[in-house]
Amino acid sequence: MVKIIRNSFLAPKVVFVDGLWGCGKTMLSPILSSMDRVELLSYTYELENICSLFYLKKISKNGAEAMIKFITDLKIYNTMMSRDVNFRPSDLSSVYNDANPKRYFDRLNEKGDELIPEKILNEKPILNIATHNMLAFSDPIFSALKDRACFIDVVRHPLYMIKQINLNMERLMNNPRNFNLFFEFNKKTVPAFTYGWEKLFLNSNNMDKAIFYIQKITEKANEKKRKIKTKYKNQVLTVCFEHFVINPNDYLKKIEQLLDTKTINSTWDMLKKQNVPRKKFSDGIELDIYKRCGWEKPKKNLTELEELVIRRDYVSMFASSSALKVLDNLCASYEEKHMINLLKI
């Protein structure tokens, strides 16, 4: 049996901003990139799919680890020369939406290639990758990168994610623009994240699928956090979206410690751009991409509890009674764990 090896590395630190669809990663990731040494937000679906392949036992541990090392090193190598960097102005991951776009234009005209390893050694850049549902399947990430990997696990109230997840379920199947892995179950196609609950997925309508998705992935992520608590406890930070957008300061200090970085002037500019801190959880910024994902302006003069009631009423029009019960339990558990004081507003 051939063993793949990669003994040296380029990426000194990789932060994965992870969570369910609609949890707020695209709010937090640009704020991170505004901090000292943190690079532009990027999406790397290859890493998600490698973790899925490993979870499905379709790739060896050695193969998964080797590819994770290779991809993260290649990503930081190219980023430091503005190769493989997004210059599409309208994209959330665009250079034009970064706190410091000038650095990427400067790199276009600077010498690169063989000079890059030394540049990385001197500047110690932090690779900033936004991922979906990956903490739950992150074993090969930690075994490959070890103490170079950090996860920021973004959690959010289920009723603030459910509409986007429902829309994603509608668009999930037979969509060539979907770059996640699927597999065959009983001659039908199902997404990789349904492994172990395929029948439930296939027998559910889209809203029920969205609810069970939240339930199953949250359970797996929580189980993973319990297992890695001893070995990697200082490499995983759970960020409650609602707490962060109301009062980000405590979390910013924890992020500084996690990444060994610091907030700088551009961080406060980016917080303002993301409308953080805000008066209500749903006071986001009006972008077409958010509207396409189900975001709506908060209703005037409504309390946070009243906003949640509106969202639950919407779900109840489409969900089965059994799925709705699951959702209610998820909401109660989340509120008890993360939002006791916030919902007294």
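As a convention, each chain's residues are numbered from 1 in the sequence order in which they are written. Residue-level local features of this predicted model are given only where pLDDT is at least 70; pairs of side-chain atoms are given and counted only at 80 or more, and the full residue set underlies all totals for whole chains, interfaces and linings. Note that the side-chain values use all heavy atoms of the structure and ignore hydrogens as well as water.

### Description of the overall build of the protein
Inference 1: Counting its secondary structure elements, the protein contains 15 helices and seven strands.
Inference 2: Only C-alpha atoms enter the radius of gyration; for comparison, a globular chain is expected to reach 2.2 Å times N to the power 0.38, where N is the number of residues. Taken against the 2.2 N^0.38 rule, which gives 20 Å for 345 residues, the C-alpha radius of gyration of the protein at 20 Å falls within 12% of a compact globule.
Inference 3: Once the C-alpha set of the protein is aligned to its principal axes, its extents read approximately 60 × 50 × 40 Å.
Inference 4: Here, residues are in contact when the closest pair of their heavy atoms is within 4.5 Å. Once local pairs closer than 6 in sequence are excluded, the contacts in the protein between residues at least 24 apart make up 74%.
Inference 5: Here the protein displays about 17700 Å² of accessible surface, and carbon together with sulfur accounts for 51% of that area. The numbering of helices and of strands both runs from the N terminus, where a helix is a DSSP run of H or I of at least 4 residues and a strand a run of E of at least 2. Where accessible areas are quoted, they stem from the Shrake-Rupley method and a 1.4 Å probe; at the residue level, only the protein chains shown are allowed to cover.

### Considerations on helix α3 (residues 61–79)
Inference 1: Across its 19 residues, α3 extends 27 Å between first and last C-alpha, which sits within 8% of the 27 Å expected from 1.5 Å per residue.
Inference 2: When accessible area is computed with a 1.4 Å probe and restricted to protein chains, residues below 20% of their type maximum are described as buried, those above 50% as exposed, and intermediate ones as partly exposed. Regarding α3, the residues found buried are Gly63, Ala64, Glu65, Ala66, Ile68, Ile71, Thr72, Asp73, Lys75, Ile76, Asn78 and Thr79. Multiply 1.5 Å by the residue count of a helix minus one, and that product is the helix's expected span.

### Topic: the sheet that holds strand β3 (residues 126–132)
Inference 1: Each pair of strands is called paired provided DSSP finds at least two bridges between the two strands. Strand order in this open sheet of five strands is β2-β3-β1-β4-β7, and the pairing throughout is parallel. Taken across any chain shown, the strands that pair with only one partner, and hence form the sheet edges, are β2 (42–43) and β7 (236–240).
Inference 2: Two elements, strand β1 (residues 13–19) and β3, share seven bridges in a ladder whose sense is parallel. If you follow Val15 over to β3, its bridge partner there is Asn128.

### Quick word on a nonpolar patch on the surface
Inference 1: Judged by side-chain polarity, Met67, Phe70 and Leu74 come together as a nonpolar surface patch covering roughly 250 Å² of accessible area.
Inference 2: With respect to the helices and strands, the residue Phe70 is situated in helix α3. Here the term patch refers to residues with relative accessible area over 30% and no salt bridge, with like charges joined within 9 Å and nonpolar side chains (Val, Leu, Ile, Met, Phe, Trp, Tyr) within 5 Å. What makes a salt bridge here is a side-chain nitrogen of Lys or Arg within 4 Å of a carboxyl oxygen of Asp or Glu, nothing more.

### With respect to the packing of aromatic side chains
Inference 1: Any Phe, Tyr or Trp ring, taking Trp's six-membered ring, that has another such ring centre within 6.5 Å forms a pair; planes under 30 degrees apart are called stacked, those over 60 apart edge-to-face, and the others tilted. Per the stated rule, a full pass over the model turns up 18 aromatic pairs.
Inference 2: Members of the aromatic cluster, joined through ring pairs, are Trp21, Phe193, Trp197, Phe201 and Tyr213.
Inference 3: Put simply, a charge is over a ring when the Lys NZ or the Arg CZ is close to the ring centre, within 6 Å, and near the line of the ring normal, within 35 degrees. In this arrangement the basic side chain of Arg148 is found over the ring face of Phe9, its NZ or CZ atom lying 4.0 Å from the centre.
Inference 4: The aromatic ring of Phe201 is capped on one face by Lys209, whose charged end is 4.4 Å from the ring centroid.

### A look at the packing of helix α9 (residues 206–232) against helix α15 (residues 321–338)
Inference 1: Helix axes are fitted only over the stretch in contact, all axes being lines through C-alpha atoms; the angle between N-to-C directions runs from 0 to 180 degrees. Running from amino to carboxyl end, α9 crosses α15 at an angle of 40 degrees, the nearest separation of the two axes being 9 Å. Viewed along their axes, α9 and α15 adopt a mutual orientation that is oblique. The crossing of α9 and α15 is left-handed. For the pair α9 and α15, contact is made by Asp208, Ile211, Phe212, Ile214 and Gln215 and by Ala323, Leu324, Val326, Leu327 and Leu330, respectively.
Inference 2: Considering only residue class, the contact of α9 with α15 consists of eight nonpolar, one polar and one charged. Angles below 35 degrees are treated as roughly parallel, those above 145 as roughly antiparallel, those between 65 and 115 as roughly perpendicular, and all remaining angles as oblique. Each crossing is labelled by how the near helix is turned from the far one, with a counterclockwise turn of less than a right angle marking it left-handed and a clockwise turn marking it right-handed. Each residue gets one of three labels, nonpolar for Ala, Val, Leu, Ile, Met, Phe, Trp, Tyr, Cys and Pro, charged for Asp, Glu, Lys and Arg, and polar for the others, Gly among them.

### Details of the nonpolar core
Inference 1: Counting 96 residues, the largest nonpolar core has Phe16, Tyr213 and Phe244 as the members making the most contacts within it.
Inference 2: Ignoring sequence-local partners within four residues, the contact set of Phe244 consists of Met27, Leu28, Ile31, Val239, Tyr251, Leu252, Leu271 and Val276. Nine residue types can take part in a nonpolar core, namely buried Ala, Val, Leu, Ile, Met, Phe, Trp, Tyr and Cys, and a core is a set of them joined through side-chain atoms within 4.5 Å.

### Some details on the pairing of β3
Inference 1: Of all seven residues that make up β3, seven are buried, and the element is covered over most of its length.
Inference 2: Going residue by residue along β3, you find Ile126, Asn128, Ala130 and His132 tucked away on one face and Leu127, Ile129 and Thr131 tucked away on the opposite face as well.
Inference 3: With two bridges connecting them, β2 and β3 associate as parallel partners. Bridged to Ser42 within β3 is Ile129.

### Remarks on the environment of Ser321
Inference 1: By secondary structure assignment, the location of Ser321 is in helix α15.
Inference 2: The exposure class assigned to Ser321 is exposed, which follows from its relative accessible area of 65%.
Inference 3: Measuring from C-alpha to C-alpha, the distance between Ser321 and Ile129 comes to 37 Å, with 192 residues separating the pair along the chain.

### Some remarks on helix α5 (residues 116–123)
Inference 1: Along α5, the residues classified as buried are Ile116, Lys119 and Ile120. Buried residues of α5, seen end-on, are gathered within an arc of 100 degrees and therefore sit on one face of the element. Among the exposed residues of α5, those oriented more than 90 degrees off its buried face are Glu118, Leu121 and Asn122.
Inference 2: Against α3 and α4 (102–109) lie the buried residues of α5.
Inference 3: Count one or two residues on from α5 and you reach Lys124, which has phi positive near 50 degrees. Note that the arc is computed from the directions linking the helix axis to the C-beta atoms.

### A few points about the pattern of salt bridges
Two side chains that carry opposite charge are able to pair once their charged atoms sit near each other.
Inference 1: Tallied over the entire structure, the rule returns 15 salt bridges.
Inference 2: The salt bridge partner of Asp84 is Lys75, with a shortest N-O separation of 3.5 Å.
Inference 3: Taking relative accessible area as the criterion, Asp84 reaches 52% and is therefore assigned exposed.
Inference 4: A salt bridge links Lys102 to Asp106; the nearest nitrogen and oxygen atoms lie 2.8 Å apart.

Everything listed here is a matter of geometry and, on its own, says nothing about what the molecule does.
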